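Structure assessment
Next come the chains, spelled out residue by residue.
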Number of protein chains: 2
Amino acid sequence: MAAFDEATAVQARADGTTFDVELGEAWTIGPDRPNGGYLLATMGRAGLAAVAGAGGAQPHPIAANVSYVTSPSVGPALVETEVLRVGRTASQVRARMLQGDRTCVDAMLTYGTLHEGSDPWWGEVPPVELPPEDECRGMGPPPGAEGGRQAPPSFRLSVDERFDPACLGFLSGEPSGGGELRAWFRFADGRDVDPLALLFVADALPPATFDIVSTGWVPTLNLTAYVRAVPAPGPLRIRFRAGMIQDGLVDETSEIWDRRGRLVAQSTQVAALRVPG
Amino acid sequence: MAAFDEATAVQARADGTTFDVELGEAWTIGPDRPNGGYLLATMGRAGLAAVAGAGGAQPHPIAANVSYVTSPSVGPALVETEVLRVGRTASQVRARMLQGDRTCVDAMLTYGTLHEGSDPWWGEVPPVELPPEDECRGMGPPPGAEGGRQAPPSFRLSVDERFDPACLGFLSGEPSGGGELRAWFRFADGRDVDPLALLFVADALPPATFDIVSTGWVPTLNLTAYVRAVPAPGPLRIRFRAGMIQDGLVDETSEIWDRRGRLVAQSTQVAALRVPG
């Protein structure tokens, strides 16, 4: 079983709407802090099972909203689901991740049916231009691995993200100022990305504001992802752009294309950002 | 009291988390079918009261996700709220609108603090170009008012929306093909638009796909709105654009500027769309 599938596995309880999950330390962004897209994908898998259990026929997440309330810890958690609607075109599920009686993440998931190989009827979005994969590079070892120390667990070891070197100036304190990160994406173990995994990929890059200004972490308050197509096997291209920074908030938008150059997912988020001055 | 404030008024029950509302027929998009942005703004007002009741200090909605489960009827409804988090920067509320035991709308609301007169620290978005207000025009009487009959109730009578004539070709069966609607916006009674009312304005134009292809109604499955600034008094400018149409779904994005040309709100939605062939 691929690492992603194992880490996002859900175990239904007898009621068919509550799911046990085990948050893995291989999918964290820092000590005991699971990656947000990983949490969303796990909830997306629980919602899929809940829809099927309620007689819904939709196999793919097509829209997801997620609010991060408080970060869960690595380890066991519960996902409670409520199927709000089973429809012909779409089914809708409210999902909540809890540890103890603490709500950690709240999500609304909409499921639909995407057809493999679909092409746009209108509004094709050309893929971001990127140097070839072998001319792009990773961000280096995760923080904490400096000086030859063993790298702490990080989701960055579970993925193969190769950035356009032109947007990696922030690693040496010289952001380009463009507010845009561009990268190739694969899972490290070669698992192909399917619609469910796109919920994870939608939030798999560092903050796009790193390409503008050096700040502390940029916590996502609320993220929305749309899955638009079943990706063709192979590497994905991601463009992640900062919008407007104002009043301590920033909006960031991602677009994801498959190997064939088809737009397969979009996301937008609003995050809290403390800028100097 | 302005019509919008009256129509979105909420009455707290003793528990302080459940609110009675009265959905007004002056805010419908068709017979007995309240406008989606109107429903969201009403829930936004309930969430604001719930945050204040829980000791939260945030006066403005800054992000809202909404899923339309089934349309409520005009008349009394309930909004149940649950404050998930009261924070220093942001507070988060889950809200649900019900009629009887039927969930009609589910929303996640994030509240924060916007500062009047703020300007972008980075990423200014220049306002859409529009002919002067007096060279733009409305869509004409609502459907059902043809042949001199009295117009049925419609939210279009509660607002003063003036479109760039270049994007109104769809009214005579000749959409421009650009997938973009541009309009000036005011409330008909002159009420200024504040952050709460922006939740309504974020979904106040017809589907942007009308500028591409003639279809039936384009039901929104899921909408996300970000409020970015306290608007200066005066008319707003709205640009509403269709993204990609594929697999029976379309994404549509709106941007809203105030009289000073500052971006005050953004929204994105995914809607179901049946296209010919």
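Scroll up for the structure.
Presented here is an overview of the structure given in this document. Given the structure is predicted, the values throughout are model-derived calculations rather than measurements. (Residues numbered from 1 in each chain as written. Chains lettered and ligands numbered in written order. Predicted model: local features only at pLDDT ≥ 70, side-chain atom pairs only at ≥ 80, totals over all residues. Heavy atoms only, no water.)

**Looking at the packing of aromatic side chains**
Under the definition given, this model contains 24 aromatic pairs over all chains. With centroids separated by 5.9 Å and ring planes inclined at 85 degrees, the aromatic side chains of Phe-210 of chain A and Trp-217 of chain A adopt a geometry described as edge-to-face. Owing to a relative accessible area of 51%, Trp-217 of chain A belongs among the exposed residues under this scheme. An angle of 25 degrees between the planes, with centres 5.8 Å apart, marks the rings of Trp-27 of chain B and Tyr-38 of chain B as stacked. With a gap of 11 residues between them, Trp-27 of chain B in the loop between strand S2 (18-23) and strand S3 (28-30) and Tyr-38 of chain B in helix H2 (residues 36-53) connect regions that are remote in the sequence. Each member of the pair Trp-27 of chain B and Tyr-38 of chain B is classed as buried. Members of the aromatic cluster, joined through ring pairs, are Phe-4, Trp-27, Tyr-38, Phe-155, Phe-185, Phe-187 and Phe-200 of chain A. (Phe/Tyr/Trp six-rings, centres within 6.5 Å; stacked < 30°, edge-to-face > 60°. Buried < 20%, exposed > 50% of the residue type's maximum accessible area, 1.4 Å probe, protein only. Helix = DSSP H or I, 4+ residues; strand = E, 2+ residues; numbered from the N terminus.)

**With respect to the interface of chain A and chain B**
At the junction of the two partners, chain A supplies 55 residues and chain B supplies 55 residues. Both sides together, the interface formed by chain A and chain B hides about 4,800 Å², and carbon and sulfur atoms give 54% of it. It is Trp-121, Trp-122 and Arg-228 of chain A in chain A that bury the most area against chain B; as a group they hold 17% of the surface buried on that side. In this structure, the connection of chain A to chain B is made through six salt bridges. Connecting chain A to chain B are 37 residue pairs in polar contact (both at pLDDT 80 or more). Residue assignment for the side of chain A that touches chain B shows that the elements contributing at least two residues are strand S5 (60-68), strand S6 (75-86), strand S7 (91-99), strand S8 (102-112), strand S11 (220-227), strand S12 (236-246), strand S13 (249-257) and strand S14 (263-272) of chain A. Taken together, the residues of the side of chain A that touches chain B break down into 25 nonpolar, 19 polar and 11 charged. (Contact = heavy atoms within 4.5 Å. Buried area = accessible area lost by both parts, 1.4 Å probe. Salt bridge = Lys/Arg side-chain N within 4 Å of Asp/Glu carboxyl O. Polar contact = N/O pair within 3.5 Å; in protein donor to acceptor, adjacent residues only side chain to side chain. Nonpolar A, V, L, I, M, F, W, Y, C, P; charged D, E, K, R; others polar.)

**Topic: unusual backbone geometry**
Negative phi characterises most residues that are not glycine, and trans characterises most peptide bonds. All names here are of chain A. Notably, Asp-32 is not glycine yet its phi reads approximately 60 degrees, a positive angle. Here Asp-32 lies in the loop between strand S3 (28-30) and strand S4 (33-34). The partly exposed category is assigned to Asp-32, whose relative accessible area is 42%.

**Remarks on the relation of the copies chain A and chain B**
Take chain A, turn it by 180 degrees, move it 0.0 Å along the axis, and it overlays chain B with an RMSD of 0.0 Å. As the rotation angle and translation indicate, the two copies are arranged about a two-fold axis. Among all C-alpha atoms of chain A, that of Asn-65 of chain A lies closest to the rotation axis, at 3.3 Å. The residues that chain A uses at the interface reappear at the interface of chain B in 100% of cases, marking a shared surface. (Least-squares fit on C-alpha atoms with pLDDT ≥ 70 in both.)

**Quick word on the sheet that holds strand S7 (residues 91-99) of chain B**
All names here are of chain B. Taken in spatial order, the 12 strands make up an open sheet running S1-S2-S6-S7-S8-S5-S11-S14-S13-S12-S10-S9, and their pairing is antiparallel. The sheet is open, and its two edges are formed by strand S1 (11-12) and strand S9 (159-163), each paired on a single side. The pairing of strand S11 (residues 220-227) with strand S14 (residues 263-272) spans seven bridges and is antiparallel. Note on S14: the bridge partner recorded for Tyr-226 is Gln-266. Helix-sheet contacts for H2 involve S2, strand S5 (60-68), strand S6 (75-86), S7, strand S8 (102-112) and S11, and the interaxial angle to S8 is about 60 degrees. (Pairing = 2+ DSSP bridges. Axes fitted to C-alpha atoms, helices over the stretch in contact; angles between N-to-C directions.)

**A closer look at the side chain of Gln-92 of chain A**
Position of Gln-92 of chain A among the secondary structure elements: in strand S7. Looking at Gln-92 of chain A, the relative accessible area reads 0%, which means it is buried. For Gln-92 of chain A, the side chain forms a polar contact with the main-chain oxygen of Leu-221 of chain B, separated by 3.5 Å. The residues touching Gln-92 of chain A, leaving out its near neighbours within four places in the chain, are Glu-82, Val-83, Leu-84, Arg-85, Met-108, Leu-109 and Thr-110 of chain A together with Ser-67, Tyr-68, Val-69 and Leu-221 of chain B.

**As for helix H2 (residues 36-53) of chain A**
Residue and element names in this part refer to chain A. An ideal rise of 1.5 Å per residue puts 26 Å on 18 residues; H2 measures up with 26 Å between its terminal C-alpha atoms. Within H2, 13 of the 18 residues are buried, which leaves it mostly tucked inside the rest of the structure. The opening residue of H2 is Asn-35, an N-cap whose side-chain oxygen sits 2.8 Å from the backbone nitrogen of Gly-37. In the stretch just after H2, Gly-55 is the one whose phi turns positive, near 90 degrees. (Expected span 1.5 Å × (residues − 1).)

**What to know about the pairing of S12 of chain A**
Residues and elements named next belong to chain A. When you tally the buried positions in S12, you get 10 out of 11 residues, the bulk of the element. Sheet topology places S12 next to S13; eight bridges connect them, and they run antiparallel. The residue bridging Ile-238 from the neighbouring strand is Ile-256, located in S13. Between S12 and S13, which pair antiparallel one after the other, the connecting turn spans two residues, and Asp-247 there sits at a positive phi close to 55 degrees.

**Concerning the environment of Met-139 of chain A**
Residue and element names in this part refer to chain A. Tracing the backbone through its elements, the reader meets Met-139 in the loop between S8 and strand S9 (159-163). Considered as a pair, Met-139 and Leu-168 are 29 residues apart in the sequence and their alpha carbons are 7.7 Å apart. If we skip the residues at most four places from it in the chain, Met-139 touches Arg-156, Phe-163, Leu-168, Phe-170, Leu-171 and Pro-206.

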